[in-house]
Amino acid sequence: MITGSIQKVKSMLGFGGPEYRTGLVLSGGGARGFAHAGAIKALAEVGIRPDIVAGVSAGSVAAVMYAAGIPPEEMVNIFQDSHFSDFAELGIPKDGFFSLNRFRKFLRKTIPFQNLEDLPIPVVVGATDLDNGKKVAFEKGPLADCVAASCSIPIVFKPVRIDGVRYVDGGVLHNLPAWTIRDRCKYLIGINCSPLTKKAPSDSIVNIALRSYELLAKTNSFADMEICDILIRTDEIARYKAFNLKQIERVYESGYRDTMEFLLSHGFHRITEDTGAQKALPPHTNQ
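Residues numbered from 1 in each chain as written. Predicted model: local features only at pLDDT ≥ 70, side-chain atom pairs only at ≥ 80, totals over all residues. Heavy atoms only, no water.

Caption draft 1: Structural detail: the layout of surface pockets. The calculated volume of the second largest pocket comes to roughly 150 Å³. Considered class by class, the residues forming the lining of the second largest pocket number ten nonpolar, one polar and two charged. (1 Å grid on protein atoms, 1.4 Å probe; cavity = no way out; pocket = protein on both sides within 12 Å on 5 of 7 lines; lining within 4 Å. Points joined across faces, edges and corners; volume = space filled by probe spheres on them. Nonpolar A, V, L, I, M, F, W, Y, C, P; charged D, E, K, R; others polar.)

Caption draft 2: Looking closely at the side chain of Thr259. In this fold, Thr259 is placed in helix H10 (residues 248-265). Only 2.7 Å separates the side chain of Thr259 from the backbone oxygen of Gly255, close enough to count as a polar contact. Beyond its immediate sequence surroundings of up to four residues, Thr259 is in contact with Ala39, Ala42, Leu43 and Ile232. (Helix = DSSP H or I, 4+ residues; strand = E, 2+ residues; numbered from the N terminus. Polar contact = N/O pair within 3.5 Å; in protein donor to acceptor, adjacent residues only side chain to side chain. Contact = heavy atoms within 4.5 Å.)

Caption draft 3: Quick look at the sheet that holds strand S4 (residues 96-99). Read across the open sheet, the three strands follow the order S3-S4-S7; overall the sheet is mixed. Every other strand in the sheet has two partners, leaving strand S3 (89-90) and strand S7 (155-157) as the edge strands with one partner each. One ladder, built from two bridges, connects S3 with S4; its direction is antiparallel. Residue pairing across strands places Leu90 opposite Phe98, the latter belonging to S4. (Pairing = 2+ DSSP bridges.)

Caption draft 4: Broad picture of the state of the cysteines. For the structure shown, the criterion picks out zero disulfides. Cysteine Cys185 remains unbridged, with the sulfur of Cys228 as its closest cysteine sulfur at 9.8 Å. On the accessibility criterion, Cys228 (3% relative accessible area) is buried. (Disulfide = S-S within 2.5 Å. Buried < 20%, exposed > 50% of the residue type's maximum accessible area, 1.4 Å probe, protein only.)

Caption draft 5: Highlighting the pattern of salt bridges. With the rule as written, the count across this model stands at eight salt bridges. Ionic pairing is found between Arg184 and Glu19, a salt bridge with its closest N-O pair at 3.4 Å. Separated by 165 residues along the polypeptide, Arg184 in the loop between strand S9 (165-169) and strand S10 (185-192) and Glu19 in the loop between helix H1 (6-12) and strand S1 (20-26) bring together distant segments of the chain. Taking relative accessible area as the criterion, Arg184 reaches 17% and is therefore assigned buried. Relative accessible area serves as the criterion here: at 47%, Glu19 is assigned to the partly exposed category. One salt bridge in this structure joins Asp145 and Arg108, with 3.3 Å as the shortest N-O distance. (Salt bridge = Lys/Arg side-chain N within 4 Å of Asp/Glu carboxyl O.)

If you want it as structure tokens, here you go:
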């Protein structure tokens, strides 16, 4: 019996390599996810432009915006004057305190593509099937619904229903969804912007839920980090709160700085007219 992915079997038999050259995986992290925008800018400045992107929660937001052609700086500008209440509406706390209906409306208004498969660059959105208890990788379907599902932190937000199934945040099982595209890429870059905050949470139900989610996400990311060829962490953003949109510019700058420092220290160079685009990615630089 042959096990493993179809792509691996094809490669073993000499029928071609991975479908994509460079893949990018973006972790969850709430408002800390703006570090992804900074990371994307840094990658572009050394000539790395992913052929496929996978994301969970905040990472899925950055992924679809990037794939839709929204520049990193514009990602920050779009959210610059926003508040938590612009995206989440307090509801009857039956299956979650807040509804993400406003967030879905925001996505439909901001991103000019209705379905994931319509995006110019392939995107995979990681989520958790709450009803059947399994990980899910959305590559097709309504963009706003799939991304909202990926962002729906249990207890804090109500599950998102898609075709009658309830979905919650992909970070519940895999906060860094490298598993979704590893076999399809020659090189896989992972950006982890979900460091564990050192400060103990207050006694509020929402803060306890967020802390529990952070602990879960930290633990379930190890295996996915190991299968990335390049892994970049943005640990200094741990001091920023998950839902604080007032400091997103600092988070963005931190993501850019951490990513650029990593890239320059590992042999990459900023593009100039003389150097042109980056020709190759060094494999196995996971740190």
